[in-house]
Amino acid sequence: MKLVSFGEYGHERVGVVVEDDIIDLNAAEPELPSTMIELLAGDYLGAAEQGARGAAALGPDVRFKLGSVRLGAPVPRPSKVVCLGLNYRDHAEEQNTPLPERPLLFSKASSCVIGPSDDIVLPADSQQVDYEVEFAIVIGHTATKVSVEAAYEYIAGYTVMNDVSARNVQFEQKQWHQGKSYDTFGPMGPYLVTRDEIPHPHTLNVRLVLNGQTMQNSTTSNLIFNVPYLVSHISKIMTLYPGDVISTGTPAGVGVFRKPPVFLKPGDVVETIIDGIGTMGNRVRR
Ligand code: ZN
């Protein structure tokens, strides 16, 4: 099942994609909640699937064409976005850095999360804004100290993130929080694809195309710390809540390590693509 959050920024409603349409779940089934976090926290995925099945009979007030409404991030305001630094073998190689022994965690402010077609806005204090396509895990159930074996049960599904980063700020400061958290630095989407549709999350092609040119092209088989390990490891440090996002790190090809470096500029279009999940296209502006 492909889930979306759609509608105006700050007022997104949860929907299911059926063919080329979005079904407004709460409008179709009033006992279902209207937001993604409530849907996940209330364990309504089964009910959502059933609601979507009856969608053929639904009228135009409940069923919209994809593309006719704005898509928000699947989880527009997660309680936290936990990110991984250096979690792809090819990304470690491009920096001549040894593979880490333990995951390096950092956080993006959840206020930077935007939808899959929203604009990335360059801040005034950075000329070095960079892109990072990432495979992201969305938590389905509250997870505290879960084992690697049980970890998948706590995952609702997967989505695409662009971990936009102001490199001058990131590298000037010991903490990465500011450089990673400017408003609009967290495009996410287009869909939350439920876990059952992606039974092999370590075989996915991950790419980023900037103005038509492929800049990153790798696969999740290059992840150093894999999906169940990350959920288990992080849940032993901090409780993960429904809708929380773990962005698993970026592969090789980011702008800052290119010769010469490439940074985002007004008018650029950044496409981030993961097979089996979908494609985001975000325009860049000042
Ligand atoms: Zn990243």
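Residues numbered from 1 in each chain as written. Predicted model: local features only at pLDDT ≥ 70, side-chain atom pairs only at ≥ 80, totals over all residues. Heavy atoms only, no water.

**Student:** When you look at the overall build of the protein in this model, what are you seeing that I'm missing?
**Tutor:** The number of helices and strands found in the protein is seven helices and 19 strands. Relative to the 2.2 N^0.38 estimate, which gives 19 Å for 286 residues, the radius of gyration of the protein is 18 Å and therefore close to what a compact globule would have. Seen along its three principal axes, the alpha-carbon backbone of the protein occupies a region of about 55 × 45 × 30 Å. Every one of the 286 residues in the protein was classed for burial, and the buried ones make up 56%. (Helix = DSSP H or I, 4+ residues; strand = E, 2+ residues; numbered from the N terminus. Rg over C-alpha atoms; globule rule 2.2 N^0.38 Å. Buried < 20%, exposed > 50% of the residue type's maximum accessible area, 1.4 Å probe, protein only.)

**Student:** Which parts of the structure should I look at to understand the domain arrangement of the protein?
**Tutor:** Bring the parts together and some accessible area is lost; that lost area is often taken as the interface size. In terms of domains, the protein is made up of domain 1 (2-71) and domain 2 (75-285). Between domain 1 and domain 2, the C-alpha centre-to-centre distance is 25 Å. Of the residues lining the interface, 16 residues belong to domain 1; the matching set on domain 2 comes to 23 residues. At the boundary of domain 1 with domain 2, total buried surface from both sides reaches about 1,500 Å², with 63% on carbon and sulfur atoms. Viewed at the interface, domain 2 and domain 1 are joined by one salt bridge. For Arg 70, the salt bridge is made with Asp 118, and the minimal N-O distance between the two is 2.6 Å. Counting the contacts that link domain 1 with domain 2 gives three residue pairs in polar contact (both at pLDDT 80 or more). (Domains from an automatic or database assignment. Contact = heavy atoms within 4.5 Å. Buried area = accessible area lost by both parts, 1.4 Å probe. Salt bridge = Lys/Arg side-chain N within 4 Å of Asp/Glu carboxyl O. Polar contact = N/O pair within 3.5 Å; in protein donor to acceptor, adjacent residues only side chain to side chain.)

**Student:** Help me understand the pattern of salt bridges in this model?
**Tutor:** Proximity of charged atoms lets side chains of opposite charge pair with each other. Evaluated as defined, the whole model comprises 15 salt bridges. Taking the shortest distance from any N to any O, the salt bridge between Arg 167 and Glu 132 comes out at 2.9 Å. Here Arg 167, found in helix H5 (residues 167-172), pairs with Glu 132, found in the loop between strand S10 (129-130) and strand S11 (133-139); they are 35 residues apart in sequence, far enough to count as distant. As far as burial versus exposure is concerned, Arg 167 and Glu 132 are alike and both buried.

**Student:** Help me understand the pairing of strand S6 (residues 81-85), please; the structure alone is not making it clear to me.
**Tutor:** Within a regular strand, the side chains alternate between the two sheet faces. Of all five residues that make up S6, five are buried, and the element is covered over most of its length. Side chains of S6 alternate between two faces, with Val 81, Cys 83 and Gly 85 and Val 82 and Leu 84 buried alike. Looking at chain direction, S6 and strand S7 (residues 104-108) are connected through five bridges and run antiparallel. Following the sheet pairing, Val 81 is matched in S7 by Lys 108. (Pairing = 2+ DSSP bridges.)

**Student:** What am I meant to see in the coordination of the zinc ion here?
**Tutor:** Any two of four tetrahedral donors ideally make an angle of 109.5 degrees at the metal, while pairs among six octahedral donors ideally make 90 or 180 degrees. Coordination of the zinc ion by the protein comes from Glu 132 (OE), Glu 134 (OE) and Asp 163 (OD), over a distance range of 1.9 to 2.0 Å. Sequence positions of the residues that donate to the zinc ion give the spacing E-x1-E-x28-D. Of the two residues, Glu 134 is situated in strand S11 and Asp 163 in the loop between strand S12 (155-162) and strand S13 (165-166); the sequence distance between them amounts to 29 residues. A residue is classified by how much of its surface remains accessible, and Glu 134, at 0% relative accessible area, is buried. For Asp 163, a relative accessible area of 0% puts it in the buried group. (Donors = N, O, S within 2.8 Å, 3.2 Å for Na, K, Ca; no water.)

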